[in-house]
Amino acid sequence: MGTRGTARSWLRRGLRLAGGLLIGTGTALVELVCVAAAGLALLCVRTWPGRWPTAQRCVLRTVTAGARRLTEIERRRLARFLGHDIAADYDDPGARQYLAGRWSLGLLGGLVLLSVGVGAAYGSLLLWGWFIISDGEWLPVAASAIGGLFLLFLALQGIVGVATLEGQLARHHLGPSHQEALRRRIDELSTSRAGVVDAVHDERRRIERDLHDGVQQRLVALGMLLGRARRSQDPDKARALLVQAHEESRAALTDLREVAWRVYPTALDEAGLRAALEAVAERSPIPVRLEYGLAAEPEEAVRTVAYFVVAEAVTNAIKHSDAGRLTVALTRREAQADVEGETAVGGLLVRVTDDGKGGADPAGGGLLGLARRVAALDGRLWVVSPPGGPTTVSAELPCA
């Protein structure tokens, strides 16, 4: 079963790459015509540099607009079929230079696909060629079939090679340089670290507020009740005060357990993520449906963040959404290999949806803290909450 699944995965990958190169061949023909026309137009206006500055600017602006439009088409093709995600913040000269060199690579991809067809046609002679040949002709048929299979093998390798070259060309002209990529990564890490520090400070303030407004007030009331009972001369009144003090101590213990649960639930380590989320659903006054689609337990950091995403989203829905029902779904995006042979890390998808009134503010204190937690793991969190609902809080966490 595993071998069959791997074969299907490779087949799907090969068909996806071939489809991307086939589309790229079509766009290469369009780009070749556009590059030739743009070059001719620029050559004409640059012949008279002193007389036609306005015409030069107009032609250059038109060429740049067309180049960006074609480059956007190529970016979507690279991401959809070839597995190359190219950032959209490239400059205009980069787009023009990319298209000036990309059409030749696209035509090369078409030639490789043609070679696949020719190799498959000749290689198939081993299956049906024996039924149509006469005596003594088997040697050229066998040689043609073996040569076709060899050509097919080389052409299939060429598909992967051209797809890799497509990504390298796009990154060279459109993507940031290695130094720029490192600088951006350093900025992202600095921002996420600062966000984690702020999230920790916010969490400490929230714990202090919960202890001060909840547990501390109840302990003060408990001390006052015990003091009044101790000073009372009436046994019946002292007994009633002791009963009240006992109830107040139970309420204080409940509040203390709530605070400890919100800080970090012990069930998360003892019983796992599913049990912790089931406890969140049981403690919610709103019905919560849990759709747990994980076959294996995530690592500690991921399951901790996933738990707090669900807990905070459920808490916000209870307080602000006026919802009648909540749905919590956890699914796994499996790792996939890109065209360069590197394995991309799979992701844990967490989604909390309520049927409330909507209008949630992603910049609010709770959701902002969640976004910082998720960003610390190089994850993403987004909120969709139109007026009138429903509200969906989604998080994608990298998970090996």
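Everything that follows concerns the structure shown earlier in this document.
Residues numbered from 1 in each chain as written. Predicted model: local features only at pLDDT ≥ 70, side-chain atom pairs only at ≥ 80, totals over all residues. Heavy atoms only, no water.

What follows covers the sheet that holds strand E3 (residues 347-354). The mixed open sheet is built from five strands, whose spatial order is E1-E2-E3-E5-E4. The strands lining the two open edges of the sheet, one partner per strand, are strand E1 (288-292) and strand E4 (380-384). On average, adjacent strands in this sheet sit at an angle of 10 degrees to one another, irrespective of strand direction. Note: E3 against strand E5 (residues 391-398), eight bridges, orientation antiparallel. If you follow Leu 349 over to E5, its bridge partner there is Glu 396. Sheet strands in contact with helix H10 (residues 300-321) are strand E2 (326-333), E3, E4 and E5, and its direction is about 10 degrees off that of E3. (Pairing = 2+ DSSP bridges. Helix = DSSP H or I, 4+ residues; strand = E, 2+ residues; numbered from the N terminus. Axes fitted to C-alpha atoms, helices over the stretch in contact; angles between N-to-C directions. Contact = heavy atoms within 4.5 Å.)

A surface patch of positive charge is lined by Arg 228, Arg 230, Arg 231 and Lys 237. In terms of residues, the positive patch owes the most to one element, helix H6 (residues 178-231), which gives three residues. Along the chain, the position of Arg 230 falls in helix H6. (Patch = residues over 30% accessible without salt bridge, like charges linked within 9 Å, V, L, I, M, F, W, Y side chains within 5 Å. Areas by Shrake-Rupley, 256 points an atom, 1.4 Å probe, with all protein chains shown as cover. Salt bridge = Lys/Arg side-chain N within 4 Å of Asp/Glu carboxyl O. Lys, Arg positive; Asp, Glu negative; His and termini not counted. Charge placed at Lys NZ, Arg CZ, Asp CG, Glu CD.)

Another point: the nonpolar core. Within the largest apolar cluster, 34 residues are counted, with the highest numbers of intra-cluster contacts made by Leu 273, Tyr 307, Leu 330, Leu 348 and Val 350. Contributing elements (two or more residues each) for this core: helix H9 (273-283), H10, E2, E3, helix H11 (365-376) and E5. For this core, the element with the most residues is H10, which contributes eleven residues. Those residues in contact with Leu 330 that lie beyond four places of it in its chain are Leu 273, Leu 277, Leu 290, Glu 291, Tyr 292, Gly 293, Leu 294, Leu 348, Leu 349 and Val 350. In this structure, Leu 17, Ala 18, Ala 95 and Val 162 belong to the second largest nonpolar core, which totals 23 residues. (Core = buried A, V, L, I, M, F, W, Y, C linked by side-chain atoms within 4.5 Å. Buried < 20%, exposed > 50% of the residue type's maximum accessible area, 1.4 Å probe, protein only.)

Where H9 meets H10, the closest approach of the two axes is 10 Å, and the angle between their N-to-C directions is 10 degrees. Of the possible angle classes, the one that applies to H9 and H10 is roughly parallel. Of the residues in H10, those in contact with Leu 273, Ala 276, Leu 277 and Val 280 of H9 are Arg 303, Ala 306, Tyr 307, Val 310, Ala 311 and Val 314. Split by residue class, the contact of H9 with H10 holds nine nonpolar, no polar and one charged. (Parallel < 35°, antiparallel > 145°, perpendicular 65-115°, else oblique. Nonpolar A, V, L, I, M, F, W, Y, C, P; charged D, E, K, R; others polar.)

This part covers the pairing of E4. Bridge count for E4 against E5 is five bridges, and the pairing is antiparallel. Bridging across to E5, Val 383 finds its partner in Val 393.

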